[in-house]
Amino acid sequence: MLGSVGRGAGAVALAVCVAGNTAGCAATVAHSPPARRPSATHTAGTQTPFTHSVVRVRGFASSCDQRTEATGFVYAPERVLLNAHVVAGVDRDLEVVLDDGRRFAARVVAFDPEVDAAVLRAPGLTAQPLRLTRAARTAAVVVGYPKGAPVPAVLPATVRPDQPAESYDIYNRKRVSRQVHRFQGAAVTPGMSGAPLVTGGDRAMGMVFAVDMDRADVGYALTAAQIEAVAAAGENATTAVPHDPCS
């Protein structure tokens, strides 16, 4: 199930999604078309150091009988940033998986359904963090795990300056305004919700949360400034926070 938001020309869909019904996009795998496995030219695996900082996130939400698989990225020791709608309602088997196959049990320690951002704590996770940056760049790469891919895809993108986007929280209850980057050239597929928009080698200027329903190569990322508060709240938190119900 994909949400939409009116932005003049064309709608965008969550997953991950600018607006509307965030119920699905990458999170509702059962309702998403299968993604093609990335080609070797678009997959860095362990060849590029920062790809080791990008993780797969898996879990199961019993209340809605839904398994989720998406992307997140390490931004502080043992901490992973990702979209809130991905972990909404997840109460079983929550884990992060590195590109070398290592798995770490995780818990949600920060959760903001209006921004659509959350933080996981994964004890023992030692991947080098990506640093959030507000610096404006026109060239970046989207690094994420298409559904079923064992290693992350690295997709070059051209980025436009940040802009406001009117939409709804992940439960489609409250209208909110988010600051987003619009990028072009990287086709975001199911499983890539939460992928970082990487620039400068080790800096994340945003986090993917939406795709354009009319153009497969156009996506949207929450700006670093938009997700900083959630990141700060989760950086030293150790106690699990409520993150129900399913989105």
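In what follows, the structure referred to is the one given above.
Residues numbered from 1 in each chain as written. Predicted model: local features only at pLDDT ≥ 70, side-chain atom pairs only at ≥ 80, totals over all residues. Heavy atoms only, no water.

## Let's talk about the overall build of the chain
Phase 1 of the analysis: Of regular secondary structure, the chain possesses two helices and 16 strands.
Phase 2 of the analysis: A buried classification covers 57% of the 247 residues belonging to the chain.
Phase 3 of the analysis: Restricting to contacts in the chain with at least 6 residues of sequence separation, those with at least 24 account for 66%.
Phase 4 of the analysis: Per element, the accessible surface of the chain, about 9900 Å² overall, is 51% carbon and sulfur. (Helix = DSSP H or I, 4+ residues; strand = E, 2+ residues; numbered from the N terminus. Buried < 20%, exposed > 50% of the residue type's maximum accessible area, 1.4 Å probe, protein only. Contact = heavy atoms within 4.5 Å. Areas by Shrake-Rupley, 256 points an atom, 1.4 Å probe, with all protein chains shown as cover.)

## With respect to the sheet that holds strand β5 (residues 92-97)
Phase 1 of the analysis: Read across the sheet, seven strands follow the order β6-β5-β2-β3-β4-β8-β7 without closing on themselves; strand pairing throughout is antiparallel. Pairing within the sheet leaves two strands with one partner each, and these edge strands are β6 (103-105) and β7 (107-112). Going across the sheet, the axis of each strand differs from the next one's by a mean of 30 degrees, ignoring polarity.
Phase 2 of the analysis: Looking at chain direction, strand β3 (residues 66-76) and strand β4 (residues 79-82) are connected through three bridges and run antiparallel. By the bridge assignment for β4, Phe73 is matched with Leu81.
Phase 3 of the analysis: In this fold helix α2 (residues 224-235) packs onto β3, β4, β7 and β8 (117-121), with an angle of close to 20 degrees to the strand it touches most, β8. (Pairing = 2+ DSSP bridges. Axes fitted to C-alpha atoms, helices over the stretch in contact; angles between N-to-C directions.)

## Details of α2
Phase 1 of the analysis: Among the residues of α2, Ala224, Gln226, Ile227, Val230, Ala231 and Gly234 are the ones counted as buried. For α2, the angular spread of the buried residues around the axis is 135 degrees, confining them to a single face. Facing away from the buried side of α2 by over 90 degrees, the exposed positions are Ala229 and Ala232. (Arc of directions from axis to C-beta.)

## Remarks on the pattern of salt bridges
Phase 1 of the analysis: Evaluated as defined, the whole model comprises twelve salt bridges.
Phase 2 of the analysis: A salt bridge links Arg203 to Asp202, with the shortest nitrogen-to-oxygen separation between them at 3.2 Å.
Phase 3 of the analysis: Three or more residues are tied together by salt bridges with common partners; here these are Arg56, Arg58, Glu69, Glu95, Arg103 and Lys147. (Salt bridge = Lys/Arg side-chain N within 4 Å of Asp/Glu carboxyl O.)

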